[in-house]
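Here's the letter readout for the chains.
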Amino acid sequence: MQYVESWRAVAAATGAADRAAAEDGVRLAYRSAGLAEPEEFVWADSPKAAVEAVEKLVGAGRSVRDEVRTRPWAQERRRMYDELGPAGWSALWSATGAQLWETTAALAERIRAGVVAALAQRPEDESAVRLVLLDAVLGQHDAAWLAAFDGRGDRLDGLAEVARHAGWWWPYERTVVLSERPEALHRDEAGRLDRGDGPALSYSDGFALYAWRGMPVPAEFLAELSALTPERIRNEENAELRRVMLEFYGYDRYLAESGAEPVHRDETGILWRIALQGDEDVAMVEVVNSTPEPDGTHRTYWLRVPPTTRTAKDGVAWTFGLDGGTYAPLRQT
């Protein structure tokens, strides 16, 4: 659909908000909901700072999120469902919002978790922070469902305008708190937060999320990656962090430098196993490409296989969806 890519760009947008355009969008959203326009706009540099600003509001009135966001969305969805029918609505969602939903929903959840971790100093403080987050409209991170309704009526134009120009926002009767967009966003090819040398998501006030291929990691952990050794990897007690270390360091390099011994070899390759305390073994098959490179050398590849693999042939067969007994290639390439 023509709208998907434009909304994908909205969801990934970084840099300063267009505050005037966002505030105009808020006013339109309030009018569309039959509400008086807000009297005051408060801007914050990040969702974390916005939650802190909300907690300090005086005389802002009740949250009007239901009127501004929840009800219009539900009514428009019902209208489209009735107009298109179950199959038509499903096809529309599959072609639009579903294309963006997984990555935007995951990112929004990571931001929520980051805000809670930053502001809830004690476990008993978490519920108060989460309650404030429930009042948020997600702005640019509502791109998935806004994409489904784009070009199909003007009921949601106000919400769409805010999303195009700002981050999360909190609508109350008299006051609206709006957040700036991130300064930087780094993701891998699967759309997961990913950066090995700094924050994967960062805002101008210092609020940031660190991740490696989607997995949350401490900031100080990333600083260690450039100085890893096999011994440091073996001594890491957290199994998830150890996996990140191995991916960053390279399984083949770890095998070469840790003095590992092969557990099986046959005509297909060599099976290696890395025993990790408190975690499943890592099994790798070393295979050599029989087709020479232009310089006459033969490239070596490392295939990650299930930890239960017993022979090199079983491991290579597994990569083709076969078992060792039926794997019999006519020619190696």
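Look up a bit, the structure's there.
Here, residues in each chain are numbered from 1, in the same order as that chain's written sequence. pLDDT decides what is reported in this predicted model: residues at 70 or higher carry local features, side-chain atom pairs at 80 or more are listed and counted, and totals for whole chains, interfaces and linings draw on all residues regardless. Excluding hydrogens and water, the side-chain values take into account all heavy atoms of the structure.

## Here we look at the sheet that holds strand β3 (residues 175-179)
Strand order in the open sheet made by the 3 strands is β1-β3-β2, with mixed pairing throughout. Across the chains shown, the open sheet's two edge strands, defined by having one partner strand only, are β1 (40-44) and β2 (169-171). Between one strand axis and the next, the sheet turns by 15 degrees as a mean value, whatever way the strands run. By this definition, two strands are paired if DSSP reports at least two bridges between them. The numbering of helices and of strands both runs from the N terminus, where a helix is a DSSP run of H or I of at least 4 residues and a strand a run of E of at least 2. One ladder, built from 5 bridges, connects β1 with β3; its direction is parallel. Residue pairing for β3: Ala44 is matched across the bridge by Ser179. Every axis in this analysis is a line fitted to C-alpha atoms, fitted for helices over the stretch in contact. Angles between the N-to-C directions lie between 0 and 180 degrees.

## Side note on the nonpolar core
If you look at the biggest cluster of nonpolar residues, it comprises 33 residues, and the most contacted ones within it are Trp7, Val26, Leu159, Trp169 and Leu178. Ranked by residues supplied to this core, first place goes to helix α7 (residues 143-149) with 6 residues. Throughout, a residue-residue contact means that at least one pair of heavy atoms, one from each residue, lies within 4.5 Å. Leaving out residues up to four positions away in the same chain, Leu178 has contacts with Ala22, Val26, Phe41, Val42, Trp43, Ala44, Val162, Trp168 and Trp169. Residues belong to a common nonpolar core when they are buried Ala, Val, Leu, Ile, Met, Phe, Trp, Tyr or Cys residues joined through side-chain atoms within 4.5 Å. Summary of the burial criterion: residues with accessible area below 20% of their type's maximum are buried, those above 50% are exposed, and those between are partly exposed, where the area comes from a 1.4 Å probe applied to protein chains only. Judged by nonpolar contacts, the second largest core, of 30 residues, contains Ile111, Ala136, Leu193 and Leu201.

## As for the packing of helix α1 (residues 4-11) against helix α5 (residues 97-119)
In the contact formed by α1 and α5, the axes pass within 10 Å of each other and the chain directions differ by 10 degrees. Comparing their axes, α5 and α1 come out roughly parallel. Along the contact surface, α1 presents Val4, Trp7, Arg8 and Ala11, while α5 presents Gln99, Leu100 and Thr104. Each residue gets one of three labels, nonpolar for Ala, Val, Leu, Ile, Met, Phe, Trp, Tyr, Cys and Pro, charged for Asp, Glu, Lys and Arg, and polar for the others, Gly among them. Among the residues making up the contact of α1 with α5, the classes are represented as 4 nonpolar, 2 polar and 1 charged. Here is the rule for angles: anything less than 35 degrees is roughly parallel, anything more than 145 is roughly antiparallel, 65 through 115 is roughly perpendicular, and the remaining ranges are oblique.

## Some details on the pairing of strand β11 (residues 282-288)
Across the 7 residues of β11, 6 count as buried, placing the element largely inside the fold. Direction of pairing for strand β10 (residues 269-274) relative to β11: antiparallel, over a ladder of 5 bridges. The residue bridging Leu271 from the neighbouring strand is Val285, located in β11. Sheet analysis places β11 next to strand β12 (residues 300-305), joined by 6 bridges and oriented antiparallel. If you follow Met284 over to β12, its bridge partner there is Arg304.

## Considering the side chain of His141
Structurally, His141 is set in the loop between α6 (126-134) and α7. Excluding its chain neighbours within four sequence positions, the residues that come into contact with His141 are Ala11, Thr104, Leu107, Ile111 and Trp168.

## Thoughts on the environment of Leu133
Here Leu133 is to be found in helix α6. Placed 83 residues apart in sequence, Leu133 and Ala50 show a C-alpha to C-alpha distance of 9.6 Å. Setting aside anything within four residues of it in sequence, one finds Leu133 in contact with Val51, Arg112, Val115, Val116, Trp168 and Trp170.

## With respect to helix α13 (residues 312-319)
Restricting attention to buried positions, one finds in α13 the residues Ala312, Gly315, Val316 and Ala317. The elements touched by buried residues of α13 are β9 (262-266), β10, β11 and β12. Positive phi shows up at Gly321, right after α13, with a value of about 75 degrees.

## Things to note about the sheet that holds β11
In space, the 4 strands of this open sheet follow the order β9-β10-β11-β12, with antiparallel pairing throughout. Pairing within the sheet leaves two strands with one partner each, and these edge strands are β9 and β12. Averaged over all pairs of adjacent strands, the angle between their axes in this sheet comes to 20 degrees, without regard to strand direction. With 4 bridges connecting them, β9 and β10 associate as antiparallel partners. What sits directly across from Asp266, in β10, is Gly269. The strands touched by α13 are β9, β10, β11 and β12; relative to β12, the strand with the most contacts, the crossing angle is about 80 degrees.

## Quick look at the pairing of β3
Across the 5 residues of β3, 5 count as buried, placing the element largely inside the fold. The pairing of β2 with β3 spans 3 bridges and is classified as antiparallel. Paired with Pro171 across the bridge in β3 is Val176. What sits between the antiparallel neighbours β2 and β3 is a turn of 3 residues.

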